[in-house]
Amino acid sequence: QVRLVESGGGLVQPGGSLRLSCAASGFAFGVSAMSWYRQAPEKERELVAIISSTSGSTNYLDSVKGRFTISRDNTKNTVYLHMNSLKPEDTAVYYCSADLPQTYGRKRYWGQGTQVTVSS
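All values reported here derive from a predicted model rather than from experimental measurement.

Cut-offs and rules
- Residues numbered from 1 in each chain as written.
- Predicted model: local features only at pLDDT ≥ 70, side-chain atom pairs only at ≥ 80, totals over all residues.
- Heavy atoms only, no water.
- Salt bridge = Lys/Arg side-chain N within 4 Å of Asp/Glu carboxyl O.
- Helix = DSSP H or I, 4+ residues; strand = E, 2+ residues; numbered from the N terminus.
- Contact = heavy atoms within 4.5 Å.
- Phe/Tyr/Trp six-rings, centres within 6.5 Å; stacked < 30°, edge-to-face > 60°.
- Buried < 20%, exposed > 50% of the residue type's maximum accessible area, 1.4 Å probe, protein only.
- Pairing = 2+ DSSP bridges.
- Core = buried A, V, L, I, M, F, W, Y, C linked by side-chain atoms within 4.5 Å.
- Axes fitted to C-alpha atoms, helices over the stretch in contact; angles between N-to-C directions.

## A short note on the pattern of salt bridges
- Going through the model one piece at a time under the given rule, you end up with 5 salt bridges.
- Overlapping salt bridges, with partners in common, bring together R38, E46, R67 and D90 in one network.

Here it is, written out as structure tokens:
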């Protein structure tokens, strides 16, 4: 059974930092690309960052480049999102996600989400 459990969200002032964690279980984490998405009120869910399984290559949403860093620890089956210089527009529910192979095709799995609020 695939499980993705996020933690680390909260209220932070503009310019502050947070580190989100996502503990994964129930699948071959070490060979799976992992990603973080976010969804702000009344907006579409958007891809924030993705990290590959083996090479550790990363890609980011343009608006977070230079401020956010995605990383993973395959020994702990955990993916992180380090967020610096946070802005009010970063306020959203952040979701960990994995797109995994199935018998036929693929399926995207989601965590329950963690709220990040950037406000003074």
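## Examining the side chain of S35
- Considering the arrangement of structural elements, one finds S35 in strand β4 (residues 34-39).
- Beyond its immediate sequence surroundings of up to four residues, S35 is in contact with L47, A49, I50, I70, Y95, C96, S97 and R108.

## What to know about the packing of aromatic side chains
- Considering all chains together, one arrives at 3 aromatic pairs under this definition.
- Between Y37 and W110, the aromatic rings sit 4.8 Å apart at their centres with planes inclined by 70 degrees, giving edge-to-face as the arrangement. With a gap of 73 residues between them, Y37 in strand β4 and W110 in strand β10 (residues 106-110) connect regions that are remote in the sequence.
- For Y37, a relative accessible area of 14% puts it in the buried group.
- Look at W110 and you get partly exposed, because its relative accessible area is 35%.
- On the numbers, 6.3 Å between centres and 85 degrees between planes, the contact of Y95 with W110 is edge-to-face. On the criterion of sequence distance, the pair formed by Y95 in strand β9 (residues 92-101) and W110 in strand β10 is long-range, its members being 15 residues apart.

## Description of the environment of V12
- Tracing the chain through its elements places V12 in strand β2 (residues 10-12).
- As for V12 and V118, which are separated by 106 residues in sequence, their C-alpha atoms are 5.0 Å apart.
- The residues touching V12, leaving out its near neighbours within four places in the chain, are S17, L18, L86, T117, V118 and S119.

## Describing the pairing of β4
- Across the 6 residues of β4, 5 count as buried, placing the element largely inside the fold.
- Where β4 lies against strand β5 (residues 46-51), 5 bridges are found, and the strand directions are antiparallel. Of the residues in β5, the one forming a bridge with M34 is I51.
- Taking the residues between adjacent antiparallel strands as the criterion, β4 and β5 are bridged by 6 residues, where E42 takes a positive phi near 65 degrees.
- The pairing of β4 with β9 spans 6 bridges and is antiparallel. Paired with Q39 across the two strands is V93, which belongs to β9.

## A look at the nonpolar core
- One finds L4, M34, W36, V79, L81, M83 and Y94 to be the most contacted residues of the largest nonpolar core, which totals 30 residues.
- Counting residues per element, the ones that place at least two in this core are β3 (18-25), β4, β5, β7 (68-73), β8 (78-83), β9 and β11 (114-118).

## Comments concerning the sheet that holds β3
- If you walk across this open sheet you meet the 4 strands as β1-β3-β8-β7, and the pairing is antiparallel. Bordering the open sheet on either side are β1 (3-7) and β7, each of which pairs with just one other strand. Taken pair by pair, the neighbouring strands of this sheet meet at an average axis angle of 15 degrees, ignoring direction.
- Pairing of β7 with β8 involves 6 bridges; the strand directions are antiparallel. Bridging from a neighbouring strand, R72 pairs with V79 of β8.

All we've got here are geometric facts, nothing functional implied.
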